[in-house]
Every structure is written in structure tokens, then in C-alpha cells.
Amino acid sequence: MRTHTRVHARGSGTTQAGRAVALVADVLAFVILLWILLYLLDANRGNELVEFIHDTASWLAGWSYDLFTFSREWVQVVVGYGLAAVVYVLLGHAVAGWLYRR
């Protein structure tokens, strides 16, 4: 009976895929956290960059923004968007870790 063993060299396809997944998750979380910071600093919403970051973060956090409701708007923004950022990082890095172990 013959057994096959897998040998993965550093930099293999799954390692590169894991790095890519982790990077994408980090970028998504960064965009969301950047919007939270811009909101808290009362950035000019008429600015095109601020509007782009807001629109992108709103799309990414659309599923989590109204999950909980708070009477203060700043808490709603921090928790609603922050939850999405945390989930993206946790899931992205969990998938990346799984890919690293393959």
C-alpha cells in the first residue's frame, strides 16, 4: 500500500491565497474604520473622498448597521460599522489560517 504525503513549500498557492484573503479582510476593515474616524472627526461630507469612503463603508456594513439601535448617533455609527469591521477581520483571518494549514 502506497501513501501520498503533501509537502508544501513556503510560498505555495494556499499560502499565497491565505495572504490574499487576510489582506482583503484587512482592507475592508480599514475602509470601515476610516469612515468611523472621518465621522467622529466631522469630516466634510461634501468632499468626494469622504463621500466615497462613506458609500463604500455603508455598503460593506449594510448588514450590521441597524442590527442594534442606540439613541446617540455616534454610538450607532461606531457599533454598527465597527461590528462589520471586526467580523471581516475575524472571518478573513480564520479563512486565511485555514488556507495556511492546507
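Structural data are supplied above this passage.
Reference entry: report on the structure contained in this document. (Residues numbered from 1 in each chain as written. Predicted model: local features only at pLDDT ≥ 70, side-chain atom pairs only at ≥ 80, totals over all residues. Heavy atoms only, no water.)

## Focus: the overall build of the protein
From N to C terminus, the protein includes 3 helices and 0 strands. Counted from the first residue to the last, the protein has its helices and strands arranged as α-α-α. By the burial criterion, 31% of the 102 residues in the protein qualify as buried. Of all intrachain contacts in the protein linking residues separated by at least 6 positions in sequence, the fraction that spans at least 24 positions is 60%. (Helix = DSSP H or I, 4+ residues; strand = E, 2+ residues; numbered from the N terminus. Buried < 20%, exposed > 50% of the residue type's maximum accessible area, 1.4 Å probe, protein only. Contact = heavy atoms within 4.5 Å.)

## Focus on the packing of aromatic side chains
Here the distance between the centres and the angle between the planes together describe a pair of aromatic rings. Applying the stated criterion across every chain yields a total of 3 aromatic pairs. Plain terms: the ring middles of tryptophan 63 and tyrosine 88 are 6.5 Å apart, the flat faces sit at 90 degrees to each other, and that makes the pair edge-to-face. Here tyrosine 88 lies in helix α3 (residues 73–101) and tryptophan 63 lies in the loop between α2 (48–60) and α3, a separation of 25 residues in the sequence. Looking at tryptophan 63, the relative accessible area reads 43%, which means it is partly exposed. (Phe/Tyr/Trp six-rings, centres within 6.5 Å; stacked < 30°, edge-to-face > 60°.)

## Let's talk about the nonpolar core
Among the nonpolar cores identified, the biggest contains 17 residues, and Ile32, Trp35, Leu38, Val77 and Tyr81 are the most heavily contacted of them. Put simply, the parts of the chain that give this core at least two residues each are α1 (13–40), α2 and α3. Once residues lying within four places of it in the same chain are set aside, the contact partners of tryptophan 35 are Arg45, Val50, Ile53, His54, Ala57, Val77 and Tyr81. (Core = buried A, V, L, I, M, F, W, Y, C linked by side-chain atoms within 4.5 Å.)

## Focus on the side chain of threonine 14
With respect to the helices, strands and loops of the structure, threonine 14 is situated in helix α1. A polar side-chain atom of threonine 14 sits 3.5 Å from the main-chain carbonyl oxygen of leucine 99. (Polar contact = N/O pair within 3.5 Å; in protein donor to acceptor, adjacent residues only side chain to side chain.)

## Comments concerning the environment of alanine 29
Relative to the helices and strands, alanine 29 resides in helix α1. Overall, alanine 29 belongs to the buried group, its relative accessible area being 3%. The spacing of alanine 29 and alanine 57 is 28 residues in sequence and 8.8 Å in space, taken between C-alpha atoms. If sequence neighbours within four positions are ignored, alanine 29 has contacts with Ala85 and Val89.

Keep in mind these values describe shape, not function.
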